[in-house]
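# Analysis of the macromolecular model
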Amino acid sequence: MLPRRVLAAFVLSCVFLLLTPDAAQPQATAPSEVEDFIQLLSAEGREESFRRIKNTWQDSYTPMLLDVVRFTRDTNFARRLLVLLGGKTGKSFQYDVNEWWRWHWSEERQLHPDYAEFKAALHGLLDPKFQGYFSSNRTAKIRLDEVVWGGVVQDGIPPLRSPKMISADEASYLKDDNIVFGLEVNGDARAYPKRILAWHEMFVDVVGGVSVAGVYCTLCGSMVLYETVHDGVDYALGTSGFLYRSNKLMYDRETQSLWSTLRGEPVIGPLADKDITLTRGYVVTTTWAKWRE
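So, here is what we can say about the structure in this document. (Residues numbered from 1 in each chain as written. Predicted model: local features only at pLDDT ≥ 70, side-chain atom pairs only at ≥ 80, totals over all residues. Heavy atoms only, no water.)

Let's shift gears to the packing of helix H4 (residues 62-71) against helix H7 (residues 115-124). Relative orientation of the contacting elements H4 and H7 amounts to 10 degrees, with a least axis distance of 11 Å. Taken together, H4 and H7 sit at an angle that is classed as roughly parallel. Across from Pro 63, Met 64, Asp 67, Val 68 and Phe 71 in H4, the residues of H7 making contact are Tyr 115, Phe 118, Lys 119, Leu 122 and His 123. Here the residues of the contact of H4 with H7 sort into seven nonpolar, one polar and two charged. (Axes fitted to C-alpha atoms, helices over the stretch in contact; angles between N-to-C directions. Helix = DSSP H or I, 4+ residues; strand = E, 2+ residues; numbered from the N terminus. Parallel < 35°, antiparallel > 145°, perpendicular 65-115°, else oblique. Contact = heavy atoms within 4.5 Å. Nonpolar A, V, L, I, M, F, W, Y, C, P; charged D, E, K, R; others polar.)

Written as structure tokens, this is what we have:
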């Protein structure tokens, strides 16, 4: 396996190849505001879009401009965009994009009515499946401008699905002090090593006849476990590629709704209108030696 840092660099290089002038061709008719912001990613024809945005500026443009800054390859043009933002808002965070986002997120403000369409068009350049996540007619229980791309395509960090299990005596690759996440359902006891989940960040399995999904947080080293069946429906969950406040957002294959990892609830998409909360399971974080005992 490639080291994750190398893998991330490779993915980003592929993404930047996608964000080429061909990905955002000028429109024959007067472009919409969404098209103008997408056009900023293209070296060809972006100056006209830049002027229109500057002349028609409104506060709801802020997250769209910051999203463009996040993805543009042209550092000098990114600085021009931030200078424009500073002039329009009266703020002086200069080129500190993170500070700009922190300021924006601290404000209660209305998003542009086409922000969801913009987010779909922008991230659809990275993975066409992302276009299905966002639209103005999809319910959103969280702020869309706080939903941030995590650097991978859908299931780009592949969940560990129905992994082959071996007996404890066969697990010679584990050392006594290795961390494992242990669970027991209906007498079926299993351990999922942290060293494996650090690569997959999620597992989907059937334990003791119960369908479950465990989501591992690389930032805090903990896991949350859910039963994936609710009212007779088994939701096939995966890694959406997006984060909300640094927490993974899951997705379900059937509706492409986005789910909160912390709450076990759909928060964007058709399922967000439903009263769905997955049952949380119990998981133990311990060493391999302790779990084996």
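The structure having been displayed, the exposition proceeds.
Attention now goes to helix H6 (residues 97-105). The complete set of buried residues in H6 reads Trp 100, Trp 101, Trp 103 and His 104. Around the axis of H6, the buried residues are gathered within 160 degrees of arc, so they sit on the same side. Buried positions along H6 lie against H4 and helix H5 (75-89). (Buried < 20%, exposed > 50% of the residue type's maximum accessible area, 1.4 Å probe, protein only. Arc of directions from axis to C-beta.)

Below, the discussion takes up the sheet that holds strand E6 (residues 210-217). The mixed open sheet is built from four strands, whose spatial order is E2-E5-E6-E7. Each of the sheet's edge strands pairs with one partner strand only, and the pair in question is strand E2 (160-161) and strand E7 (222-227). (Pairing = 2+ DSSP bridges.)

With that settled, consider the environment of Ile 166. Take Ile 166: it is sitting in the loop between E2 and strand E3 (179-185). For the pair Ile 166 and Arg 190, spaced 24 residues apart in sequence, the C-alpha to C-alpha distance is 9.5 Å. When sequence neighbours within four positions are dropped, the list of residues in contact with Ile 166 reads Ala 171 and Tyr 173.

In this structure, Phe 37, Phe 118 and Phe 134 are the most contacted members of the largest nonpolar core, which totals 45 residues. Residues in contact with Phe 37, not counting those within four places in the same chain, are Ile 53, Tyr 61, Met 64, Leu 65, Val 68 and Phe 118. (Core = buried A, V, L, I, M, F, W, Y, C linked by side-chain atoms within 4.5 Å.)

This part takes up the sheet that holds strand E1 (residues 147-149). Read from one edge to the other, the open sheet built from five strands follows the order E1-E10-E11-E12-E13, with strand pairing classed as antiparallel. Strand pairing shows two members of the sheet lacking a second neighbour, E1 and strand E13 (265-268), which therefore form its edges. Averaged over all pairs of adjacent strands, the angle between strand axes in this sheet comes to 55 degrees, irrespective of strand direction. In this sheet, strand E10 (residues 237-244) lies alongside E1 in antiparallel orientation, the contact comprising three bridges. Paired with Trp 149 across the bridge in E10 is Phe 242.

Attention now moves to unusual backbone geometry. Leaving glycine aside, a negative phi is the common case for residues, and trans is the common case for peptide bonds. Although it is not a glycine, Ser 162 sits at a positive phi angle of roughly 45 degrees. Mapping Ser 162 onto the fold places it in the loop between E2 and E3.

Space inside the second largest pocket adds up to approximately 380 Å³. What lines the second largest pocket is a set of 20 residues, and nearest its centre among them are Met 165, Ile 166, Tyr 173, Ala 191 and Pro 193. When residues of the lining of the second largest pocket are traced back to their parent elements, those giving at least two are strand E4 (188-193), helix H8 (194-200) and helix H9 (288-292). If you tally residues by element for the lining of the second largest pocket, the top one is E4, at five residues. (1 Å grid on protein atoms, 1.4 Å probe; cavity = no way out; pocket = protein on both sides within 12 Å on 5 of 7 lines; lining within 4 Å. Points joined across faces, edges and corners; volume = space filled by probe spheres on them.)

Here the focus is the packing of aromatic side chains. For the structure shown, the criterion picks out 18 aromatic pairs. Ring centres 6.2 Å apart and planes at 50 degrees place the aromatic pair Phe 93 and Trp 103 in the tilted group. Placement of Phe 93 in the loop between H5 and H6 and of Trp 103 in helix H6 is noted, with a sequence separation of ten residues between them. The buried category is assigned to Trp 103, whose relative accessible area is 12%. Taken together, a centroid distance of 4.8 Å and an interplanar angle of 70 degrees make the contact between Phe 130 and Phe 242 edge-to-face. On the criterion of sequence distance, the pair formed by Phe 130 in the loop between H7 and E1 and Phe 242 in strand E10 is long-range, its members being 112 residues apart. Note on accessibility: Phe 130 and Phe 242 belong to one class, buried. (Phe/Tyr/Trp six-rings, centres within 6.5 Å; stacked < 30°, edge-to-face > 60°.)

Attention shifts here to the pattern of salt bridges. Scanning all chains against the criterion turns up 15 salt bridges. One salt bridge connects Glu 265 with Arg 263, and the closest N-O pair in it is separated by 3.1 Å. Take Arg 263: its relative accessible area is 39%, and that puts it in the partly exposed class. Taken together, the shared-partner salt bridges connect Arg 143, Asp 145, Glu 146 and Arg 245 into one network. (Salt bridge = Lys/Arg side-chain N within 4 Å of Asp/Glu carboxyl O.)

Our next topic: the packing of H5 against H6. As a packed pair, H5 and H6 sit with axes 12 Å apart at the nearest point and diverge in direction by 35 degrees. As H5 packs across H6, the resulting crossing turns out to be left-handed. Contacts from Leu 82, Leu 85, Gly 86 and Thr 89 in H5 reach Val 97, Trp 100 and Trp 103 in H6. Counted by class, the contact of H5 with H6 contains five nonpolar, two polar and no charged residues. (Left-handed = near helix turned anticlockwise from the far one by under 90°.)

Counted by the stated rule, this structure contains zero disulfides. Here Cys 220 is not cross-linked by a disulfide; its sulfur's nearest cysteine counterpart is in Cys 217, at 3.1 Å. (Disulfide = S-S within 2.5 Å.)

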